[in-house]
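Descriptive analysis of the structure
Here's the letter readout for the chains.
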Amino acid sequence: MEKHSLKTIARKLGISVATVSKALNDYKDISAATKKKVKDLAEELNFVPDSVAKSLRAKQSRLIGFIAPDLLHHFFFNILSGVLKVAQEKDYYVIVASSEDNMENEIRQLHLLVNKRVDGILLALSDNTLDYGHVNNVLQNDTPLVLYDKVSKAVKCSKVV
């Protein structure tokens, strides 16, 4: 199945990419007729907006990262349930990961979340985390971070204990 873009729609209708984007986003300066043509063709082509491009433009991914040492533990599961509830109310999505209480996994999970450009990360440190360079790198990347449960004074960020 071919993936279609704004450019595909613009080319087929003989209009600009900006007009296609505005029509799909219901801008008032685009006529109802143009909006209808664009939306009809988008539907016909099964067009799916590029969420990565959209998040880069908006400088917001609407994603939150959540890392726990053990997702099956009742305590962490309850926290996750609360995070999911509030995220849904605020129209955010949560990427859930487990460090399996291991610093190496914690480093990998943090790296993944930063690369996904999440808007923030909630992290309970692993029991064997003794070096906080990877956590401080997240903060230097300007990704908001909140440590919960297992925290360290060596990391200058918000904490919930």
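In the block above lies the structure referred to throughout.
Read on for an overview of the structure. Source: prediction; values computed, not measured.

Between the first and last C-alpha of helix 6 (residues 103–115) there are 18 Å, a value that for 13 residues agrees with the 18 Å anticipated at 1.5 Å per step. Listing the buried residues of helix 6 in full gives Met103, Asn105, Glu106, Gln109, Leu110 and Leu113. One side of helix 6 carries all its buried residues, which in axial view fall inside an arc of 150°. Relative to its buried face, helix 6 has exposed residues pointing more than 90 degrees away, namely Arg108, His111 and Asn115. Looking at the packing, one finds that the buried side of helix 6 touches strand 1 (63–68), strand 2 (93–98), strand 3 (120–123) and helix 7 (133–140). Capping of helix 6 at its N-terminal end is provided by Asn102; its side-chain oxygen lies 2.8 Å from the backbone amide nitrogen of Glu104. Once helix 6 finishes, Arg117 follows within two positions and takes phi at roughly 55°, a positive value.

Closest axis-to-axis distance for the helix 2 (residues 17–24)/helix 3 (residues 32–44) pair is 9 Å, and the angle between their directions is 90°. It follows from the interaxial angle that helix 2 and helix 3 lie roughly perpendicular. On the side of helix 2, the interface is formed by Thr19, Val20, Ala23 and Leu24, while helix 3 contributes Thr34, Lys35, Val38, Lys39 and Ala42. Across the contact of helix 2 with helix 3, the residue classes tally to five nonpolar, two polar and two charged.

Moving on to the environment of Ser98. Its location among the elements puts Ser98 in strand 2. Judged by relative accessible area, Ser98 falls into the buried class, the value being 18%. Residues Ser98 and Phe75 lie 23 residues apart in sequence; the distance between their C-alpha atoms is 14 Å. Beyond its immediate chain neighbours, meaning those up to four positions away, Ser98 contacts Ala68, Pro69, Asp70, Leu71 and Gln109. A distance of 3.5 Å separates a polar side-chain atom of Ser98 from the backbone oxygen of Ala68.

Grouped together as the largest cluster of nonpolar side chains are 15 residues, with contacts concentrated most on Leu110, Ile121, Leu123, Val135, Leu145, Leu147 and Val155. If you look at the next biggest cluster of nonpolar residues, it comprises 10 residues, including Val38, Leu41, Ala42 and Leu45.

Here we come to the sheet that holds strand 4 (residues 145–148). Strand order in the open sheet formed by five strands is 2-1-3-4-5, and the pairing between neighbours is parallel. Edge positions in the open sheet fall to strand 2 and strand 5 (158–160), since each of these has one partner strand only. The mean angle between the axes of side-by-side strands here comes to 20°, regardless of whether they run parallel or antiparallel.

Criteria and cut-off values
- Residues numbered from 1 in each chain as written.
- Predicted model: local features only at pLDDT ≥ 70, side-chain atom pairs only at ≥ 80, totals over all residues.
- Heavy atoms only, no water.
- Helix = DSSP H or I, 4+ residues; strand = E, 2+ residues; numbered from the N terminus.
- Expected span 1.5 Å × (residues − 1).
- Buried < 20%, exposed > 50% of the residue type's maximum accessible area, 1.4 Å probe, protein only.
- Arc of directions from axis to C-beta.
- Contact = heavy atoms within 4.5 Å.
- Polar contact = N/O pair within 3.5 Å; in protein donor to acceptor, adjacent residues only side chain to side chain.
- Axes fitted to C-alpha atoms, helices over the stretch in contact; angles between N-to-C directions.
- Parallel < 35°, antiparallel > 145°, perpendicular 65-115°, else oblique.
- Nonpolar A, V, L, I, M, F, W, Y, C, P; charged D, E, K, R; others polar.
- Core = buried A, V, L, I, M, F, W, Y, C linked by side-chain atoms within 4.5 Å.
- Pairing = 2+ DSSP bridges.

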